[in-house]
Amino acid sequence: MTDTFINEYGEERDNLLWTASLIDEFNNEIESTKFHVYGLVGDWGVGKSVFIQIWEKNIRQGNCSVIHIDAFAKDYVQNPFSMIFDAFKKFMKESHVNDGDKKTVIEKAKKYAFASLKAAGQFGVNFLIDKIGKENANEFVSTIADSLFTEFDYEPGTEETDICGDLTKALSSMVESTGTELYIVIDELDRCRPDFALETLEKIKHLFLIEGVKFILVYNPTVITNIIKTKYGIDDANNRYIKKFIEKEISFPVNQMYSEWVENEASYLEKQGVNHEICRYIKEFSRKISRVMVMYNLSLRDTQRILISIDNKNGFEQIETNIFFGSTVAFLKAINKQEYERMVDYLQSGNSSFAANSPKRDTYNNLAIFLMGTGMVDSPEKLFVKYFKR
């Protein structure tokens, strides 16, 4: 499967990490179950956001629509209702929903927005009533609600019943009429304001659990757990609270694919002009580099930056030695900068070797085991001394 995406630097990249088998595995998890809310979970930096964008373009079902929401880019709004409802508005446009269904949905949504604005800003509404009178204050709040739905021109009805239930029923009927399944992906939930993230979960549960609609939320579970603990004082280590909102969590399976990613990253770096010998080394040591990534919990972003920074011009006679040393130092700087700086300071303070009273070198020596090849004339520590004593 060939695909592209835009990385964090604005560059178009090949699909280097996620193979067809992983896309299929995730598809099966979503398509073969009847849940409404799924969580794609994993630590920051492992590539969840990139994966979900590739998955969105490779969904097997022909009768489904996918709407992607970057929650972090939207959390400047006070209420996540408008963020989620925007996805339904987009779906109505793409699915060519008839005017009658569209009008009904917008009517119910406008009533809900009006009620929410009054409830959330009761103090402000009371203040307006005191200043400009009840009729004018209600008109003012209604105008704000109208602004959420300006692209649809109609007069709202006056019937007031169960506002939330009416909206849910209208949305359900509208989705059913299209014959299309709607997937709403909400990415970067863990980077939002804590209140916004929790209210997003609550809005989905109370308003948008609709037949034919599946939400896929992308987040770091540790962050969400900490938000819950801070907000409610609940230690949710067993995810009992979050399970009220997320019906099925799917862990992002990336560890077993690190080696493949490292090899492909080397090919990409070579295309970008990185030295051929460095890229060859990265490919040959991909398994060992992947073990370092797991051992020190390095994200893909961290590792990418480290690989780019490997220096092969360290003044040693053998090309391989330059690369072995350069890669070990590059990883050491990223993983344990303090150890690196202490080692350098020690040698540049007049010491000609590492003695019994010298700084600890545990991280450096551990990295050297993985990242330096065999058959070198000098030990890793001697290489460090030779380089920094010049």
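Below or above, wherever it landed, is the structure these notes cover.

Turning next to the pattern of salt bridges. Enumeration according to the criterion identifies nine salt bridges in this entry. Of the charged contacts, one joins Lys89 and Asp86 as a salt bridge, the two residues approaching to 3.4 Å between their closest N and O atoms. Remark: Asp86 and Lys89 occur in helix H4 (residues 81-94); sequence separation between them is three residues, near one turn of the helix. Accessibility expressed as a relative area gives 7% for Lys89, which makes it buried. On the basis of relative accessibility, which here comes to 35%, the residue Asp86 falls in the partly exposed class. With its nearest N and O atoms 2.4 Å apart, the salt bridge here joins Asp378 to Lys386. Several salt bridges share partner residues, and in doing so they unite Glu277, Arg280 and Glu284 into one network.

Below, the discussion takes up the nonpolar core. Phe26, Trp55, Ile282, Ile289, Phe325, Phe331 and Phe384 are the most contacted members of the largest nonpolar core, which has 63 residues in total. Ranked by residues supplied to this core, first place goes to helix H15 (residues 319-335) with seven residues. The contact partners of Ile289, leaving out residues within four places of it in the chain, are Val262, Ile282, Leu307, Phe331 and Leu371. With 50 residues, the next largest nonpolar core counts Phe85, Ile204, Phe215 and Ile227 among its residues.

Glancing now at unusual backbone geometry. With a phi close to 55 degrees, His96 is a non-glycine residue in the positive phi region. The topology assignment puts His96 in the loop between H4 and helix H5 (99-120). Note on His96: relative accessible area 69%, which makes it exposed. In this model, Glu188 sits at a positive phi of 60 degrees, which is unusual for a non-glycine residue. Looking at the element boundaries, Glu188 is found in the loop between strand E5 (181-187) and helix H9 (194-207).

Parameters and conventions
Residues numbered from 1 in each chain as written. Predicted model: local features only at pLDDT ≥ 70, side-chain atom pairs only at ≥ 80, totals over all residues. Heavy atoms only, no water. Salt bridge = Lys/Arg side-chain N within 4 Å of Asp/Glu carboxyl O. Helix = DSSP H or I, 4+ residues; strand = E, 2+ residues; numbered from the N terminus. Buried < 20%, exposed > 50% of the residue type's maximum accessible area, 1.4 Å probe, protein only. Core = buried A, V, L, I, M, F, W, Y, C linked by side-chain atoms within 4.5 Å. Contact = heavy atoms within 4.5 Å.

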